[in-house]
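This is what each chain is made of:
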Amino acid sequence: MKAASKTRKASTGASAEAADLLHEHELRRIIDTVLRLAKCTGAEETEVHVDEVADALTRFANNAIHQNVAEHGLTVSIRTVADGRTARATTNRIDEGSLRAAIEASLSLAQSQPKDPRLLPMPGKQRYRRVNRFFKQTAALSAEERARAVRRACDLTVKKEQVAAGIYSNGQSQSALGNSRGLFATYRETHSEFSITAQEGPAASWAKANSADVRAFDPQKLAARACQKAHLAVNAHELAPGRYTVILEPAAVLDLVGFLFYDFAATALQDKRSCLNERMGKQLFGQSITITDDIYHPLQQGAPFDGEGLPRQRVLLVDRGIPTNLVYSRAAAKAARKQPTGHGFALPNEYGEAPMNLVFGGGDSSIEKMVASTEHGLLVTRLWYIREVDPYEKIMTGMTRDGLFLVDNGRVTGAVRNFRFNQSLIEMLKNVEFLGPAVRATGEEAFEMVVPAMKVRNFHFSEVTKF
């Protein structure tokens, strides 16, 4: 890639793999070029984000691979400031003509904006804590290796007369941020994911894992779990709606509590759109609930700096059920006379900030122990189609799927027809009886977090679904 766009896609063929990422000095050269060009355009300040992603994915259905794709792309996002106004423009070309055009577009957009009285000068040089989330084994995983893993997983479903579908992906990405005040930051990571749905007749179940290190999960073990639960889900019977003790597997916990993350933003409280308004410092959840935002936790992913280039701080958000702290962008911190915590989004934005690396404190109770301790309840694999009903009480609605099982007298006795739920997250986190060890969980409704399995009493199921 020289002057042209760095984007490549391939739809078939085992050799369609993503290329190596640019070296750090090449990222710096792009940023320095933008800053040099911007000096001649009337921009008072300039900020540059360079993001590069190289991903590859194998997709399978009906027990066979039907697609292999690879994509390699780079974008340059430029924010300029002039006369108290700011705006951003983006390009995927890095020749000087294209970069100059993006700078001019950013300035033109800024001129059409009102002056922002909260706009602060860009930050200067920062110091960052080093994190290492780049694994050569993940970056080097080939289409052939993904195909072999998928074949072994599908062999399990074929043996059990089931049908499998899913994806196996890996890739690498990097970000660089620089500005005209001397700030420069870079971050690089790898990522991998395996997801499988196994179907037996009308019944289905699912398993999924995600990690920077592809060695952190075993596709065959995930496939075996999905196969076992799909078989158990056959011949589901219907129960009456009502309140049940539930054992929520980590994916189910994740997709519910993920809806809390914006509520811990200082801007959200200032705008009166947080469930924590008038509740900070008060006992809101059960005493077993402790939540931190911690980019440095070994199971997390992401850059150690925020969209403005500030170092991310570890923040204790909930201490034994009491909301204790918020996260702050620079503007929100100034308004509240606080210190910024490194959680701001790239400017301009309407949200301000949010904790993107939630970590729930866990316990020592396994799912098996939770089941054994339950006289009558339900084991929930995952949830989907979750929507917010009441933002202040945090009442959510959604449905179970891919394995809902009856627990009687300390053991799983069979499958149950899926339910719709209407449940307050605040009430749910008051009613937690047991916590499992905190793990990196991945679902479909929220971004990845570190959460435990939970046993919760009085979870409200409002009706039986049609499937």
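About the criteria used
Residues numbered from 1 in each chain as written. Predicted model: local features only at pLDDT ≥ 70, side-chain atom pairs only at ≥ 80, totals over all residues. Heavy atoms only, no water. Helix = DSSP H or I, 4+ residues; strand = E, 2+ residues; numbered from the N terminus. Buried < 20%, exposed > 50% of the residue type's maximum accessible area, 1.4 Å probe, protein only. Contact = heavy atoms within 4.5 Å. Areas by Shrake-Rupley, 256 points an atom, 1.4 Å probe, with all protein chains shown as cover. Lys, Arg positive; Asp, Glu negative; His and termini not counted. Charge placed at Lys NZ, Arg CZ, Asp CG, Glu CD. Domains from an automatic or database assignment. Buried area = accessible area lost by both parts, 1.4 Å probe. Pairing = 2+ DSSP bridges. Disulfide = S-S within 2.5 Å. Core = buried A, V, L, I, M, F, W, Y, C linked by side-chain atoms within 4.5 Å. Salt bridge = Lys/Arg side-chain N within 4 Å of Asp/Glu carboxyl O. Expected span 1.5 Å × (residues − 1). Arc of directions from axis to C-beta. Axes fitted to C-alpha atoms, helices over the stretch in contact; angles between N-to-C directions. Parallel < 35°, antiparallel > 145°, perpendicular 65-115°, else oblique. Left-handed = near helix turned anticlockwise from the far one by under 90°.

Per the secondary structure count, the protein includes 10 helices and 20 strands. Its C-alpha atoms put the protein at 75 × 55 × 35 Å along the principal axes. Counting all 467 residues of the protein, 54% fall into the buried class. Across the protein, contacts joining residues at least 24 apart in sequence account for 73% of those joining residues at least 6 apart. Counting every atom, the protein has about 20700 Å² of accessible surface; 49% of that belongs to carbon and sulfur. Mean positive and mean negative side-chain charge positions of the protein (60 and 53 charges, respectively) differ by 3 Å.

When the domains of the protein are assigned, the result is domain 1 (24-214) and domain 2 (235-467). One C-alpha centre belongs to domain 1, the other to domain 2, and the line joining them spans 26 Å. Buried surface at the junction of domain 1 and domain 2, both sides included, amounts to about 2700 Å², of which 56% is carbon and sulfur. Three residues stand out in domain 1 for area buried against domain 2, namely Arg 118, Arg 133 and Trp 206, and they jointly supply 25% of the buried area on that side.

Every regular strand shows the same layout, with side chains that alternate between the two sheet faces. With respect to burial, strand S5 (residues 163-179) is a largely interior element, 14 of its 17 residues being buried. Examined bridge by bridge, S5 and strand S6 (residues 184-200) share 16 bridges and lie antiparallel to one another. Among the inter-strand pairings, Val 163 is bridged to a residue of S6, identified as Gln 199. Hairpin connection, S5 to S6: the antiparallel pair is bridged by four residues, and Gly 182 has positive phi, about 95°.

Taken as a whole, this structure holds zero disulfides when the rule is applied. No disulfide involves Cys 154; its sulfur sits 9.1 Å from that of Cys 227, the nearest cysteine. Among the residues examined, Cys 154 registers a relative accessible area of 1% and is labelled buried.

Formed by 56 residues in total, the largest nonpolar core has its most connected members in Leu 256, Leu 378 and Met 454. The next biggest cluster of nonpolar side chains, apart from the first, holds 21 residues, and it includes Leu 22, Val 34, Val 50 and Phe 184.

The next point concerns unusual backbone geometry. If a residue is not glycine, its phi is most likely negative; likewise, a peptide bond is most likely trans. The omega torsion of the bond from Leu 347 to Pro 348 falls at -10°, within 30 degrees of zero and hence cis. Structurally, Pro 348 is set in the loop between helix H8 (330-336) and strand S12 (358-360). Notably, Asp 402 is not glycine yet its phi reads approximately 60°, a positive angle. Looking at where Asp 402 falls in the secondary structure, it is placed in strand S14 (residues 395-408).

Moving on, we get to the pattern of salt bridges. One pass over the full model with this rule turns up 28 salt bridges. Across the salt bridge formed by Arg 181 and Glu 45, the nearest N and O atoms sit 2.4 Å from each other. Of this pair, Arg 181 sits in the loop between S5 and S6 while Glu 45 sits in strand S2 (residues 45-61), and the two are 136 residues apart along the sequence. Taking the relative accessible area as the measure of exposure, Arg 181 reaches 46% and is therefore partly exposed. Take Glu 45: its relative accessible area is 9%, and that puts it in the buried class. Salt-bridge contacts for Lys 394 lead to Glu 388; the nearest nitrogen and oxygen are separated by 2.7 Å. On the accessibility criterion, Lys 394 (4% relative accessible area) is buried. Salt bridges sharing common partners tie together Arg 36, Glu 96 and Arg 100.

Right, let's talk about the pairing of strand S13 (residues 376-390) for a bit. Bridging between strand S8 (residues 242-248) and S13 involves four bridges; their strand directions are parallel. When the bridges of S13 are listed, Thr 245 appears paired with Gly 377. Where S13 lies against S14, 11 bridges are found, and the strand directions are antiparallel. Note that in S14 the partner of Leu 379 across the bridge is Phe 405. A loop of four residues connects S13 with S14, the two strands running antiparallel in sequence, and Lys 394 in this loop sits at a positive phi of about 55°.

Here we take up the environment of Arg 129. Its place among the elements puts Arg 129 in the loop between helix H2 (96-111) and helix H3 (136-140). When the C-alpha positions of Arg 129 and Gln 313 are compared, they lie 9.8 Å apart, and in sequence the two are 184 residues distant. If we skip the residues at most four places from it in the chain, Arg 129 touches Tyr 296 and Pro 304.

Relative to the helices and strands, Gln 220 resides in helix H5 (residues 219-232). Exposure remark for Gln 220: the relative accessible area of 34% places this residue in the partly exposed category. Leave out the neighbours within four places in its chain, and Gln 220 touches Arg 152 and Leu 156.

What follows concerns helix H4 (residues 143-159). Relative to the 24 Å expected for 17 residues at 1.5 Å per residue, H4 spans 24 Å between its end C-alpha atoms, a close match to the ideal helical length. If you check which residues of H4 are buried, you get Ala 143, Arg 146, Ala 149, Val 150, Ala 153, Cys 154 and Thr 157. Each buried residue of H4 lies within a common arc of 135° when the element is viewed along its axis, so the set occupies one face. Positive phi shows up at Glu 161, right after H4, with a value of about 60°.

Moving on to the packing of H4 against H5. Taken N-terminus to C-terminus, the directions of H4 and H5 make an angle of 25°; their axes are 9 Å apart at the nearest point. Classified by the angle their axes make, H4 and H5 are roughly parallel. The way H4 lies across H5 gives a crossing that is right-handed. Contacts from Ala 149, Arg 152, Ala 153, Leu 156 and Thr 157 of H4 reach H5 at Pro 219, Gln 220, Ala 223, Ala 224 and Cys 227.

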